[in-house]
Amino acid sequence: MTFDFDELVERRGSGAAKWDDTPADVLPMWVADMDFRTAPAVVEALHARVAHGVFGYAHLPAAYYDAVAGWQARRHGHQFAREDMLVTSGVVPAVTAILRALTRPGDRVILQPPVYNCFFSSIRNMGCGVEENALILRDGRYEMDFADLERRAAHPDCRALLLCNPHNPVGRVWSAEELRRLHEICARHGVTVVSDEIHADLTMPGHRHQCYAALGPEVAANSVTCLAASKAFNLAGLQIASIVAPDPDLRGRIDKALNVHEVCDVNPFGIAATIAAYTDGAAWHAALVDYLAENSRFLAEYLATHLPKLHFTPPQATYLAWLDAHAYGQSAEALAAQVQEKGLLRLTAGTAYGAAGEGFLRLNMACPRARLEDGLTRLAKALG
């Protein structure tokens, strides 16, 4: 079966945040959703659910748990029991509920910036402080600063670390060796690791995602994993995610927090879509990843030819391009504003992901190649 990722789907006017929150003459390449239709199997499953015509309170069937656990086991070697799982309306609500279960106001939580911006707000919402274990950039490759991590984990009020695995926005796939070192430090200081693995299924060819909890039982016991099909199958608007917490006491506290935050219910469309994606969407997903890899190659070649001052290391995972724009000598905010004003292209300033993102721009390349080329032409007009 072939899939048409070159189709220019008209999204403006559909209630899409990415498009309808952007001026009509500006091309949006910012928020992390894709401009592709989702897998045909998902669309078919949703049509069938709509045809039923009754949309009452949802019950999670065994098929949902089987689909999530089966996909994780087959693709990533991450095996867990059904009773280890909780379900909520998204990864951000999951992270916030997990922090409520792990922390009290005044506690400290470690982040590794530049990192997903909602992590910062989740920590603040719990009344906790941020410990910034900033990543180190060496020759275009980001690495963890383990010496600094040891110091921050040793803080007497440090309770948790939010791990972006793979990392958004820098696109790193963390190796088993790196994750084991992180585990050893966190375990030594009683810090629980919360691994957000929403980008795992967007790992590029030639790289392999390592589930944090799959490193071993002792690692799983000191961790919580957040999963969703929303990024890889473009289902973010259906609002459903899974939490895997092997420790029964911690799982019980997270379950209570989900109820306190009133994010313990999900909608029937999210259930149907997730089951279809993980059960019948593998061929579409494989074709998607290949297309994204070609987009990444196209982007690298275009920048090298037309915008050599923008440094780009192709991501090992995710469809997000992290562009080093330090050579332009402007702040990230000023540069993003210039790109939108002069190029009619909306990107994200790197400082959205913390101070460590200064001098960077984030570009979403999950779109048909013609649209990507349009965006790059606009970028060259603004910066050339």
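See the structure printed just above.
Residues numbered from 1 in each chain as written. Predicted model: local features only at pLDDT ≥ 70, side-chain atom pairs only at ≥ 80, totals over all residues. Heavy atoms only, no water.

Draft legend 1. Just the overall build of the protein, in detail. When helices and strands are counted, the protein shows 13 helices and 15 strands. For 384 residues, the compact-globule formula gives about 21 Å, and the C-alpha radius of gyration of the protein, at 20 Å, lands near that figure. For the protein, the C-alpha atoms occupy an extent of roughly 55 × 55 × 35 Å along the three principal directions. Counting all 384 residues of the protein, 57% fall into the buried class. (Helix = DSSP H or I, 4+ residues; strand = E, 2+ residues; numbered from the N terminus. Rg over C-alpha atoms; globule rule 2.2 N^0.38 Å. Buried < 20%, exposed > 50% of the residue type's maximum accessible area, 1.4 Å probe, protein only.)

Draft legend 2. Geometry of the environment of alanine 293. The residue alanine 293 is located in helix H11 (residues 282-306) in this model. The exposure class assigned to alanine 293 is partly exposed, which follows from its relative accessible area of 22%. For the pair alanine 293 and alanine 366, spaced 73 residues apart in the sequence, the C-alpha separation amounts to 9.9 Å. Those residues in contact with alanine 293 that lie beyond four places of it in its chain are Met204 and Pro205. (Contact = heavy atoms within 4.5 Å.)

Draft legend 3. Molecular detail of the layout of surface pockets. What the largest pocket holds in volume is close to 1200 Å³. Considering the residues around the largest pocket, the lining is formed by 46 residues, among which Asp33, Leu235, Ala236, Gly237 and Leu238 are closest to the centre. Secondary-structure elements contributing two or more residues to the lining of the largest pocket are helix H1 (17-20), helix H2 (40-52) and helix H4 (91-102). With four residues, the top contributor of residues to the lining of the largest pocket is H2. (1 Å grid on protein atoms, 1.4 Å probe; cavity = no way out; pocket = protein on both sides within 12 Å on 5 of 7 lines; lining within 4 Å. Points joined across faces, edges and corners; volume = space filled by probe spheres on them.)

Draft legend 4. Looking closely at the pairing of strand E8 (residues 192-196). The buried count for E8 comes to five of five residues, which makes it a mostly enclosed element. Direction of pairing for strand E7 (residues 158-164) relative to E8: parallel, over a ladder of five bridges. For leucine 163, the partnering residue across the bridge sits in E8 and is serine 195. Crossover handedness for the path E7 to helix H7 (residues 176-188) to E8: right-handed. Looking at chain direction, E8 and strand E9 (residues 223-227) are connected through four bridges and run parallel. Along E9, the bridge assignment pairs valine 193 with serine 223. (Pairing = 2+ DSSP bridges. Right-handed = clockwise from strand over helix to strand, strands pointing away.)

Draft legend 5. Region of the structure containing the state of the cysteines. For the structure on display, the rule yields zero disulfides. Here cysteine 164 is not cross-linked by a disulfide; its sulfur's nearest cysteine counterpart is in cysteine 226, at 11 Å. (Disulfide = S-S within 2.5 Å.)

Draft legend 6. Just the pattern of salt bridges, in detail. Here the structure, examined in full by the defined rule, presents 19 salt bridges. Between glutamate 143 and arginine 138 there is a salt bridge whose closest N-O contact spans 2.4 Å. Here arginine 253 ties to aspartate 249 by a salt bridge, and the two come within 3.2 Å at their closest N and O atoms. With arginine 253 and aspartate 249 both in helix H9 (residues 248-260) and four residues apart, this pair spans about one turn of that helix. The exposure class assigned to arginine 253 is partly exposed, which follows from its relative accessible area of 36%. (Salt bridge = Lys/Arg side-chain N within 4 Å of Asp/Glu carboxyl O.)

Draft legend 7. Quick peek at the packing of aromatic side chains. Tallied over the entire structure, the rule returns 14 aromatic pairs. Both rings, one in phenylalanine 5 and one in tyrosine 291, keep their centres 5.5 Å apart while their planes meet at 40°; by these two values the pair is tilted. Taken together, the residues phenylalanine 5 in the segment before H1 and tyrosine 291 in helix H11 connect sequence positions 286 residues apart. Residue phenylalanine 5 shares its accessibility class with tyrosine 291, and that shared class is buried. (Phe/Tyr/Trp six-rings, centres within 6.5 Å; stacked < 30°, edge-to-face > 60°.)

Draft legend 8. Summary view of the pairing of strand E2 (residues 85-88). The alternating pattern of E2 places Met85 and Val87 on one face and Leu86 and Thr88 on the opposite face, and all of these are buried. As paired strands, E2 and strand E10 (residues 241-244) are joined by four bridges and run antiparallel to one another. Residue valine 87 lies in a different strand from E10, and its bridge partner there is serine 242.

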